[in-house]
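Structural description and commentary
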Amino acid sequence: MYCLCAVGSGVIYFIIPKGSLEKPMRVMLGVFLLSVLITPVFKNQIGDLSSVLGLFDENSVQPPPDGILSHYEENIKATVAGLLDKNGLECKKVEIFMDIDGDNYIYIKRIVLMLANEKDSENIAGFLEQIGYQATKDYGEADLIILNSCAVRKSAEDKVLGEIGALKKYKRNKPELIIALCGCMAQEEAMVNLVINKYRHVDLIFGTHNINRLPWLLKRCYKEKSRVVEVYSTKAEVIEGLPDIKMNKHKAWINIAYGCDKFCSYCIVPFTRGKQRSRYKEFILKEIDDCKSQSYKELTLLGQNVNSYGKDLYENYGFADLLAAAAESQIPRLRFVTSHPWDFNQEMIDVMKRYDNIMPYLHLPLQSGDDEILKKMGRRYSQEDYLSLFDRLKTALPNLSFSTDIIVGFPGEEEKQFLNTIKVVEYCRFDNIFSFIYSPRVGTPAALLADEVSLSVKKQRLKYLNDTFKPLALANAQKYQDQEVEVLVDGPSKTKPEIYSGYSPANKVVNFSSENPLKPGDLVKVRVDKVKTFTLEGKEVF
Ligand code: SAM
Ligand code: SF4
């Protein structure tokens, strides 16, 4: 009870406008108001402390944005709204968990194949730092190890399972160690059952919709000394104000929408990450402004299908509007990923053309160049549609560089259908291709199709695809020979500290020497003296 009062009064304290009262008076008024508020709300629940200790309960109210409030104030509003909701349970601020013994070390292992996982890791790290954890790169030192998993292909899952197996010895050496699994694999029922039954040293499993509950779940692990599994399957809401520790101080990823509604027949993402939920534009633009004021140089707007941004939220506000508003922030470099050809309209091309700070690089997944396979994949465009969009983009933005995703060996893919993909590759001369062998995912419609293509044929096709596109990509890159390119510095190379590394506007890795000591986030000019397929080499020029 004392604890609740302390936290609650803190909440009230923060909603009394600063400057309207002296600090001691705000605290006292806060305690008084809280005691008036909580008596009826808690009277039946006071015995069940664990139910009121959640940071954000699933019944908490997320108020719509009425003007731009800071994320912190937004959290507090949600907290108070929850307190006042007769039927709901309430939210608590994170300080409540500070009683977990200090000096905890955490290791978040990102087995990442998807940027969404990367972003989730930033939020997880943010929560953990707030409750007193520090990062370590050493499994042996960690008190908490979280494996953030991807389920897009079986190979990714196998890697995670291998990693979980390898962690057993750390648990043996340190029984109080907490091992957690989160991410897309945690959203798959069969996988959760497998981990529960076969990997008994995993203490905590939480899903992609439960990240905001992490402090509460950890609390349960510590206090109850029991295994905790919490996975919501259909939680369709956006929670704002999650803390995050950005991986970089000069470039950041900003979620503009979560989940995906496209249901491509091979893809597990709509099942593991839920339907599309766009964020209100005010929150996104506020985050962009915050990054700008913290001197971030590059922002990437992130979503499974950025081009359909806003369709679930607004009638007259879409990705083109958001992109233009983001570019207006004058952030030096703006990128976005991933684009689906289906929703890519002329307005978006016009915005890309209008703003110099939108970088000339586009990831435009093709998946297949064959109409029949595209239909079976549920991609809703034909080869002709893709090429027509490609041509319109190239005409509007001649310097635009392209990368794509291609799946080979989709069920029933015949040789001539694969060769249709190769035709598109030869036409578009992509600067990079992320190519994958089709991997059946349980629960997706494509997994029910007979998969007659043998593994050896799939491997041959993958090799043929890579052998075709690499020389084209190299020929494309020759245009940079002896040219100056702007590079956003990431830092010295890991293997050669005298060489710096960074990215050009067209997303080429540039390795270069400099006579100056440079730091991550510097924007420098580099003259290219050597061109390789995926990298450029050169020297800084002044
Ligand atoms: N939303 C993005 C899009 O539409 O392109 C892609 C997200 S998905 C995480 C990244 C890529 O993984 C896809 O573009 C696709 O090429 C590949 N992928 C997805 N499911 C796959 C599967 N079952 N087998 C092989 N590759 C797959
Ligand atoms: Fe998966 Fe298709 Fe959605 Fe991309 S658009 S995440 S491939 S369902």
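As a reminder, the structure under discussion sits directly above these lines.
What this report covers is the structure whose coordinates are included nearby. (Residues numbered from 1 in each chain as written. Chains lettered and ligands numbered in written order. Predicted model: local features only at pLDDT ≥ 70, side-chain atom pairs only at ≥ 80, totals over all residues. Heavy atoms only, no water.)

Looking now at the overall build of the protein chain. The helix and strand tally for the protein chain stands at 17 helices and 19 strands. Per-residue burial for the protein chain yields a buried fraction of 55% across its 542 residues. Counting contacts in the protein chain only where the partners sit at least 6 residues apart, residues at least 24 apart contribute 74% of the total. Taken as a whole, the protein chain presents about 24600 Å² of accessible surface, with 54% of it coming from carbon and sulfur. (Helix = DSSP H or I, 4+ residues; strand = E, 2+ residues; numbered from the N terminus. Buried < 20%, exposed > 50% of the residue type's maximum accessible area, 1.4 Å probe, protein only. Contact = heavy atoms within 4.5 Å. Areas by Shrake-Rupley, 256 points an atom, 1.4 Å probe, with all protein chains shown as cover.)

We now examine the site of ligand 1. By nearness alone, 16 residues border ligand 1, and Gln 304, Pro 365, Gln 367, Asp 405 and Ser 439 come closest of all. Arg 153 has a polar side-chain atom sitting 3.0 Å from an oxygen atom of ligand 1. One of the side-chain nitrogen or oxygen atoms of Arg 379 is found 3.3 Å away from an oxygen atom of ligand 1. For ligand 1, whose accessible area on its own is 550 Å², the fraction buried by protein is 94%. Elements that contribute at least two residues to the shell around ligand 1 include exactly strand S13 (401-408) and strand S14 (432-437). Across the shell around ligand 1, the residue classes tally to eight nonpolar, four polar and four charged. (Near = heavy atom within 4 Å. Polar contact = N/O pair within 3.5 Å; in protein donor to acceptor, adjacent residues only side chain to side chain. Nonpolar A, V, L, I, M, F, W, Y, C, P; charged D, E, K, R; others polar.)

Glancing now at the packing of aromatic side chains. All told, the structure shown has 14 aromatic pairs when counted by the stated rule. A centroid spacing of 6.5 Å and a plane angle of 85° characterise the contact between Tyr 266 and Phe 410, whose relative ring orientation is edge-to-face. With a gap of 144 residues between them, Tyr 266 in the loop between strand S8 (257-258) and helix H10 (269-273) and Phe 410 in the loop between S13 and helix H16 (415-428) connect regions that are remote in the sequence. Exposure remark for Tyr 266: the relative accessible area of 10% places this residue in the buried category. Phe 410 sits in the buried class, given a relative accessible area of 0%. Sitting over the ring of Trp 216, Arg 213 keeps its end group 3.8 Å from the ring centre. Seen from the ring of Trp 342, Lys 262 lies directly overhead, with NZ or CZ sitting 3.9 Å from the centre. (Phe/Tyr/Trp six-rings, centres within 6.5 Å; stacked < 30°, edge-to-face > 60°. Lys NZ or Arg CZ within 6 Å of the ring centre and 35° of its normal.)

Such coordinate-based values are descriptive only and should not be taken to indicate function.
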